[in-house]
Each structure stands twice: as structure tokens, then as C-alpha cells.
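Each chain, written out:
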Amino acid sequence: MLLRNRAALHTLPATGLYPHQWSWDSAFTAIGLRHVSPRRAQQELESLLGAQWADGRLPQIVFDRQRDEDYSPGAAFWRSEEIPGSPAVPTAGLVQPPVHARAALAVHRADEAESRRRGFLERAHPRLLAWHGYLRTRRDRGGRGLASIVHPWESGMDNSPAWDGPLSRVPDVRAGGPGVPRPDLRHADPSERPSNAEYGRYLHLAARYRDHRCDDADAGHEFVCEDPAFNALWADAELAMAEVAAALGGDRAPHEARARELTAALEPLFSPALGTYAARDVRTGELQRVATVAGLLPLLLPHLPRAAELLATLRGPRFRLGTAVMVPSHDLTAAGFDRARYWRGPSWSSTTWLLVQALRGRGAVAEARALGAQLRRSALQHGFAEYVDPIDGTPHGTRAFTWTAALALDLELDPELG
């Protein structure tokens with residue numbers, strides 16, 4: 001799959017449904033690709049880093065203009081070339097979770113001699129610094145040290161129930177009508193994708209952000225949220241940057257301090273009633289009373305004070321670690337749980353892989369190994385499905401999905417978990 005889905009110097013998330021380069025997909029792809037070819041894994045990340053904006057943001061999507069009609073909204077919608085500070089290649093203006101430093105460190109360690117020969121880490125380091133600097137200086141809309149997302153797509157978990165409340169105040173510009181195509185429905189069943197009403201709101205938010213020149217300081221943003229997963233992954237990325245700095249002979253302490261600050265800043269997002277962290281609507285100050293897999297990902301952080309509560313929730317009836325298939329994206333006991341629809345219940349390999357790493361970090365190696373085995377087994381049985389039913393493992397979404405293959409391969413070759 002990793003070789004078949006290759007396009008030039010990057011890898012498509014899947015042919016057909018996803019015809020461009022996606023930001024956090026490429027990071028997960030590189031983690032698997034390093035086992036096949038460390039050099040190609042370096043190129044995967046370099047391709048994305050080469051599309052960085054002048055303000056430091058790494059774009060959600062880098063577009064292939066020849067495939068623009070196969071995905072909406074595409075390059076013609078974003079018109080990034082009209083926005084000062086955008087790169088030479090067409091991109092979206094939005095971002096995705098900052099998993100890139102962790103991926104760069106893993107790729108470097110896969111073949112340190114080749115990394116040093118090509119200057120991979122030396123060239124990636126300033127771009128990763130600029131990316132993290134962008135989050136720190138441009139995205140702290142709540143003033144509490146956390147990055148805010150300005151669109152559900154930026155969470156990477158687009159259709160999560162965590163966004164239902166904030167999205168309810170966004171105008172409904174119905175998708176599927178004139179000028180608002182749904183090419184995704186040519187490749188996936190409508191019952192597994194966001195609804196037209198949801199997609200219409202996504203497009204409204206994207207168009208408004210574009211029309212305001214992707215200005216993060218714009219006071220009129222209609223969707224501004226602090227996502228626990230996005231910020232936990234940023235904190236984990238700072239820990240990876242500490243290792244990158246050390247490998248380059250630099251000072252790891254500032255990154256470790258930043259990771260601790262982010263971990264502490266997450267605390268107001270913890271909901272005792274849910275037993276997880278929850279998204280906060282910055283516009284209203286309200287926590288969203290929804291338990292999703294995003295609220296479990298702070299388990300990655302070594303100094304987290306709520307680890308015991310999160311482990312209990314992961315093992316309890318909401319997520320049923322060990323009996324569910326991988327880790328559901330939404331609370332199994334919730335009224336809105338949907339076994340098939342995008343991020344509203346199905347299990348994904350990306351979040352499952354992250355929780356495998358979190359469990360290992362907590363010393364729960366047996367559980368990490370069992371969860372990793374579930375991911376690998378599901379990937380092989382179902383043709384590397386995009387996501388699966390957490391109850392019976394039925395595959396959903398597209399098949400031959402790159403990060404499913406990449407992360408299954410990574411676990412297969414992990415000496416502790418394979």
C-alpha cells in the first residue's frame with residue numbers, strides 16, 4: 001500500500017477519495033515508510049515541510065492541480081496564491097494536528113547515518129520550530145496557552161460529535177447543490193460520510209477563513225475551539241523536539257518546559273463527569289459534554305495528573321478496551337454513537353496507534369500489545385480499511401488506506417509490540 005499509493009515525493013492517503021497530500025496523514029505515513037525506505041520517509045516529510053507558509057503554518061492539504069475536481073474544496077476554492085505568505089504550491093489555509101516532530105524523530109532514528117548524510121534533521125528542525133511557533137503565537141485564541149482550531153477539519157477528527165454544539169451556531173450552506181459538489185460520495189457510502197448539512201457548515205467556515213485571508217487574529221471567527229487531542233499532540237511534539245534538539249547538539253530544556261506548560265494548560269479541559277478531557281468552545285467558554293477518543297489522547301503525556309482517570313475510562317463501558325475492536329472514536333454508551341459514520345463511533349488506526357504508544361508509556365505493555373494486534377489483524381482482514389465498526393469490525397470508508405498500512409507495519413516491526 002505504501003508503494004502503490006505513492007505520488008511523486010509524497011503518498012496519497014488513498015487513491016480516489018483523497019487525491020492530494022494531507023498533513024498528519026504524511027506524518028503517520030512516514031512512521032511506517034521508514035521501515036521500507038528511510039530516505040523516502042524523509043522525502044515524505046520534506047515534501048510537506050516544503051509547503052510551509054511564511055508564518056510557520058503547515059497546511060492541512062497540499063494540492064495536485066491536475067486532480068482538483070476530484071476533491072472539494074480544492075485549490076480553485078482556496079486560491080492560496082492570492083494570500084500573502086503562502087508557498088509556491090497551492091495549499092489549503094487550515095492546519096492539522098502537529099504530529100510532525102514525532103514523525104521526524106522516528107524517521108531520523110531509522111537510519112541516522114542517512115539522515116546525517118542528507119542533512120534531514122538539520123533542515124527539518126527550523127521548519128518544525130516555526131510550525132510550533134505559529135501555534136504558540138497565532139493560535140492561542142483563548143489566552144490560556146493552548147492552540148485553538150478554527151475549523152473541525154483542523155482537529156483531524158472532522159465529524160466528531162464534539163463539534164456539534166459549536167457548529168450549531170454556524171450558518172447552514174447546504175452541500176450537494178449548485179457550486180458545492182460532493183465528490184467524496186463517488187467513493188464512499190453517504191451513510192459513512194458527513195451529512196450535507198454538516199458539509200455545508202464546513203464549507204461556510206472554510207470560505208469565510210479564506211475570504212479573510214486566513215487571518216488567525218480575525219475576531220469574527222464563528223468556530224474557535226480548544227481541542228484536547230490537538231494540544232496533547234502538540235505537547236508530545238515538544239517532547240520529540242527536545243530529542244531533536246539533543247541530536248543536533250542543542251538544548252532540550254525549553255521544549256521539555258513547553259511540554260509541561262501545555263500539559264498543565266490542558267487541566268481546565270478535564271471533565272470529571274466524562275472521565276476524559278473535552279473540547280472547549282472558546283467563544284462561549286463551555287466544555288462540550290461529549291466523550292470522544294480525542295479526550296483520551298493526553299495519556300501520551302508523561303506528567304499528566306489525570307492518567308488514572310483516563311485509563312479507567314478507556315477500560316470502562318465508554319470505550320471497552322480489550323473487548324471493543326480497537327478504540328471507538330465516540331462513547332459507546334452515548335445516544336449519538338454511530339457504528340459507521342465518520343468519527344462518530346468507528347475505530348481508526350491513527351488514534352488506536354497513538355493509544356498503543358500511550359499504554360506502553362504507562363507500563364501497560366500487555367494491553368498495548370493486544371491493542372496493536374487488533375489493529376494489525378483488522379488491517380490485514382479488511383484490505384487496510386479507513387475505519388471499522390468498533391463492535392464487530394465491519395470495514396467502512398475507503399480501502400487501501402495509507403496510514404492504516406503504515407501504522408500496521410510499524411507495529412508489526414516493533415520489537416516490543418509485534
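Heads up: these notes are all about the structure in this document.

**Points about the packing of aromatic side chains**
Alright, step 1. Counted under the stated rule, the structure contains 17 aromatic pairs.
Alright, step 2. Look at Phe-270 and Tyr-277: their rings are 5.2 Å apart centre to centre, the planes differ by 70°, and that puts the pair in the edge-to-face class. An identical accessibility class is assigned to Phe-270 and Tyr-277; each is buried.
Alright, step 3. An aromatic cluster of three or more residues is present, and its members are Tyr-18, Trp-22, Trp-24, Phe-28, Tyr-342, Trp-343, Trp-348, Trp-353, Tyr-387, Phe-401 and Trp-403.
Alright, step 4. For the cation-ring pair, Arg-57 lies above Trp-53, with the distance from its terminal atom to the ring centre recorded as 4.6 Å.
Alright, step 5. In this structure, Arg-210 packs its charged tip against the face of Phe-77, placed 4.5 Å from the ring centre.

**Thoughts on the nonpolar core**
Alright, step 1. Within the largest apolar cluster, 119 residues are counted, with the highest numbers of intra-cluster contacts made by Phe-28 and Leu-355.
Alright, step 2. Among the elements that take part in this core, helix H9 (residues 228-247) stands out by supplying 10 residues, more than any other.
Alright, step 3. Those residues in contact with Leu-355 that sit more than four places away from it in its chain are Val-293, Leu-296, Leu-297, Leu-299, Val-327 and Leu-371.

**Looking at the packing of helix H1 (residues 23-33) against helix H14 (residues 402-412)**
Alright, step 1. The contact between H1 and H14 brings their axes to 7 Å, and the two run at 35°. As for the relative orientation of H1 and H14, their crossing is left-handed in sense. In contact with Trp-24, Asp-25, Phe-28, Thr-29, Ile-31 and Gly-32 of H1, H14 contributes Thr-402, Trp-403, Ala-406, Leu-407, Leu-409 and Asp-410.
Alright, step 2. Looking at the contact of H1 with H14 residue by residue, the class counts come to 7 nonpolar, 3 polar and 2 charged.

**Remarks on the sheet that holds strand E12 (residues 387-388)**
Alright, step 1. Within the open sheet, the 3 strands sit side by side as E11-E12-E13. Their pairing is antiparallel. Only two strands of the sheet have a single neighbouring strand rather than two, namely strand E11 (347-348) and strand E13 (395-396).
Alright, step 2. Taken together, the 2 bridges between E12 and E13 define a ladder with antiparallel strand orientation. By the bridge assignment, Tyr-387 is partnered in E13 with His-396.

**Some words on the side chain of Glu-44**
Alright, step 1. Within the secondary structure layout, Glu-44 lies in helix H2 (residues 38-49).
Alright, step 2. The exposure class assigned to Glu-44 is buried, which follows from its relative accessible area of 0%.
Alright, step 3. Polar contacts involving the side chain of Glu-44 include one to the side chain of Ser-26, which spans 2.6 Å.

**As for the pattern of salt bridges**
Alright, step 1. All chains considered together, the criterion is met by 34 salt bridges.
Alright, step 2. Glu-114 serves as the salt-bridge partner of Arg-117, at 3.0 Å between the closest nitrogen and oxygen. Taken as a pair, Arg-117 and Glu-114 lie in helix H5 (residues 112-118) at a separation of 3 residues, close to a single helical turn.
Alright, step 3. With a shortest N-O distance of 2.4 Å, Glu-243 and Arg-252 are connected by a salt bridge.

**A closer look at the sheet that holds strand E6 (residues 225-226)**
Alright, step 1. Spatial ordering of the open sheet is given by E5-E6-E9-E10, a layout of 4 strands whose pairing is antiparallel. This sheet does not close on itself; its edge strands, each paired only once, are strand E5 (148-149) and strand E10 (286-287).
Alright, step 2. Both E5 and E6 contribute to a ladder of 2 bridges, which runs antiparallel. Note that in E6 the partner of Ser-148 across the bridge is Glu-226.

**Considerations on H9**
Alright, step 1. Look at H9: 29 Å from first C-alpha to last across 20 residues, which is about the 28 Å you get at 1.5 Å a residue.
Alright, step 2. Among the 20 residues of H9, 16 are classified as buried, and the element is accordingly described as predominantly covered.
Alright, step 3. Following H9 by one or two positions, Gly-249 adopts a phi angle in the positive range, close to 80°.

Reading guide: rules and limits
Residues numbered from 1 in each chain as written. Predicted model: local features only at pLDDT ≥ 70, side-chain atom pairs only at ≥ 80, totals over all residues. Heavy atoms only, no water. Phe/Tyr/Trp six-rings, centres within 6.5 Å; stacked < 30°, edge-to-face > 60°. Buried < 20%, exposed > 50% of the residue type's maximum accessible area, 1.4 Å probe, protein only. Lys NZ or Arg CZ within 6 Å of the ring centre and 35° of its normal. Core = buried A, V, L, I, M, F, W, Y, C linked by side-chain atoms within 4.5 Å. Helix = DSSP H or I, 4+ residues; strand = E, 2+ residues; numbered from the N terminus. Contact = heavy atoms within 4.5 Å. Axes fitted to C-alpha atoms, helices over the stretch in contact; angles between N-to-C directions. Left-handed = near helix turned anticlockwise from the far one by under 90°. Nonpolar A, V, L, I, M, F, W, Y, C, P; charged D, E, K, R; others polar. Pairing = 2+ DSSP bridges. Polar contact = N/O pair within 3.5 Å; in protein donor to acceptor, adjacent residues only side chain to side chain. Salt bridge = Lys/Arg side-chain N within 4 Å of Asp/Glu carboxyl O. Expected span 1.5 Å × (residues − 1).

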